[in-house]
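Structural characterization, general
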Amino acid sequence: MDLDVFVTAHRAEWDRLDALLGRQRRLTGAETDELVALYQRTATHLSLIQSSAPDPQLTGRLSRLVARARSAVTGTRRASWRDVTRFLAYGFPAAVYRSRHWWIPTALLSTLVAALLGWWIGTHPEVQATIAAPSELRELTRPGGQYETYYSSHPAASFAAQVWTNNAWAAALCLILGVFLGLPVLWILFQNMLNLGVGLGLMSSAGRLDTFLGLVLPHGLLELTAVFVAAGTGLRLGWTVIDPGPRTRRTALAEEGRAAIGMAIGLALVLFISGAIEGFVTPSGLPTWARITIGVVAELAFLAYVYVLGGRAARAGDTGDLEAAERSAAVPTAA
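In this text, all values refer to a predicted model and were calculated from it rather than measured experimentally.

Glancing now at the domain arrangement of the chain. One can read the domain layout of the chain as domain 1 (3-74) and domain 2 (81-316). Spacing between the C-alpha centres of domain 1 and domain 2 amounts to 46 Å.

This part is about the packing of helix α5 (residues 100-123) against helix α10 (residues 183-205). Direction vectors running N to C along α5 and α10 enclose 40°, while the axes themselves pass 7 Å from each other. Classified by the angle between their axes, α5 and α10 sit oblique to one another. By crossing handedness, the relation of α5 to α10 is classed as right-handed. On α10, the residues touching T106, S110, T111, V113, A114, L117, G118, I121 and G122 of α5 are L189, F190, M193, L194, L196, G197, V198, L200, G201, L202, S204 and S205. Class assignment of the residues belonging to the contact of α5 with α10 gives a composition of 12 nonpolar, nine polar and no charged.

Turning our attention to the pattern of salt bridges. Enumeration according to the criterion identifies eight salt bridges in this entry. In this structure, R16 engages E34 in a salt bridge whose closest nitrogen and oxygen atoms are separated by 2.9 Å. Of the two residues, R16 sits in helix α1 (residues 3-21) while E34 sits in helix α2 (residues 29-52), which places them 18 residues apart along the sequence. On the accessibility criterion, R16 (29% relative accessible area) is partly exposed.

Let us now look at the environment of G199. Summarising the element assignment, G199 is placed in helix α10. Looking at G199, the relative accessible area reads 1%, which means it is buried. Put simply, G199 and G122 are 77 residues apart on the chain and 9.3 Å apart in space, counted from C-alpha to C-alpha. Setting aside its immediate chain neighbours within four residues, G199 contacts Y147 and F212.

This paragraph deals with unusual backbone geometry. Excluding glycine, most residues fall at negative phi; most peptide bonds, likewise, are trans. Unusually for a residue other than glycine, L181 sits at a positive phi of about 60°. Note that L181 resides in the loop between α9 (156-177) and α10.

Between the first and last C-alpha of helix α11 (residues 209-242) there are merely 42 Å, a value that for 34 residues lags more than 12% behind the 50 Å anticipated at 1.5 Å per step. Along α11, the sharpest kink reaches roughly 55°, centred on G220. The buried count for α11 comes to 24 of 34 residues, which makes it a mostly enclosed element.

Considering all chains together, one arrives at nine aromatic pairs under this definition. Relative to Y307, the ring of Y97 has its centre 5.6 Å away and its plane inclined at 85°; by these criteria the two rings are edge-to-face. Within this pair, whereas Y97 is found in helix α4 (residues 81-98), its partner Y307 is found in helix α13 (residues 288-315), the two being separated by 210 residues in sequence. A relative accessible area of 13% places Y97 in the buried class. Its relative accessible area of 36% is what places Y307 among the partly exposed residues. Taken together, F87, F92, F302 and Y305 form an aromatic cluster joined through their ring pairs. If you follow R100 out to its NZ or CZ, it ends over the ring of Y97, 3.9 Å from the centre.

Calculation criteria
- Residues numbered from 1 in each chain as written.
- Predicted model: local features only at pLDDT ≥ 70, side-chain atom pairs only at ≥ 80, totals over all residues.
- Heavy atoms only, no water.
- Domains from an automatic or database assignment.
- Axes fitted to C-alpha atoms, helices over the stretch in contact; angles between N-to-C directions.
- Helix = DSSP H or I, 4+ residues; strand = E, 2+ residues; numbered from the N terminus.
- Parallel < 35°, antiparallel > 145°, perpendicular 65-115°, else oblique.
- Left-handed = near helix turned anticlockwise from the far one by under 90°.
- Contact = heavy atoms within 4.5 Å.
- Nonpolar A, V, L, I, M, F, W, Y, C, P; charged D, E, K, R; others polar.
- Salt bridge = Lys/Arg side-chain N within 4 Å of Asp/Glu carboxyl O.
- Buried < 20%, exposed > 50% of the residue type's maximum accessible area, 1.4 Å probe, protein only.
- Expected span 1.5 Å × (residues − 1).
- Bend = angle between axes of the 7 residues up to and from the residue.
- Phe/Tyr/Trp six-rings, centres within 6.5 Å; stacked < 30°, edge-to-face > 60°.
- Lys NZ or Arg CZ within 6 Å of the ring centre and 35° of its normal.

Shown next as structure tokens:
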């Protein structure tokens, strides 16, 4: 596309739109119709320039013009409790449901990796010797040792807040860094599975695997599921860079990126629940079976939430992205 010719052909339309937006008086009906038509054409012009002949100065001018026109056409809108309700009831579970073909395999493979690492560490004393000295290992794994007292080492509320912050940050990193072809996501996921595998291996070698699982499962089921969802979604975002499908790469990344940001918020809420369980239930005096039951119920509730509400919303066309009226205009692409 010859940018100079394009600008010459459409400059008058952009100037006219700018003039209509600058009117101090109320527009007439005909002027309003003209403004809407010019806004739609200018949004199309902006998309064409961005995809065919990007020019920073012109793109910046048209972006500002389209934003002003969009605000004038649609009116300003403030977030409301309706948006929060819609996000929790439809957007977030639909986004998680749509990503299930990524996070379920991620969960299965990661669990297998953690189990293999645990078996390798637990059955090879020479590997354990590289982790810590024998006296330190005994301090970690003995009854009343560090693995057990870790969950009650701080006041429950502050411990839950610390756990929630750390896990929410890890999940957000998986979602955000997925755009780098998913490579940072694999590293974050491996670090999590390595930590789990070390605990499994050391406690099993000390004959106390049941104690370790009794401490990890109440909160770990929901916590790890949230991490797997974040990692799977991050990997999906990385794959979008490689294969955007029928959409342009820019449009695909914008849509999947917005959904990923929404998922980061939703997963923060899920991790808040798992953090509360870890802070208040895991170190409690409840019997092991009761603590594990609470963890299983929380996990099943989340899966039901995703597959029932999320599945229904996804089949109705919800993707977890912004509503159509809130998205930027884009040029249609052929399938």
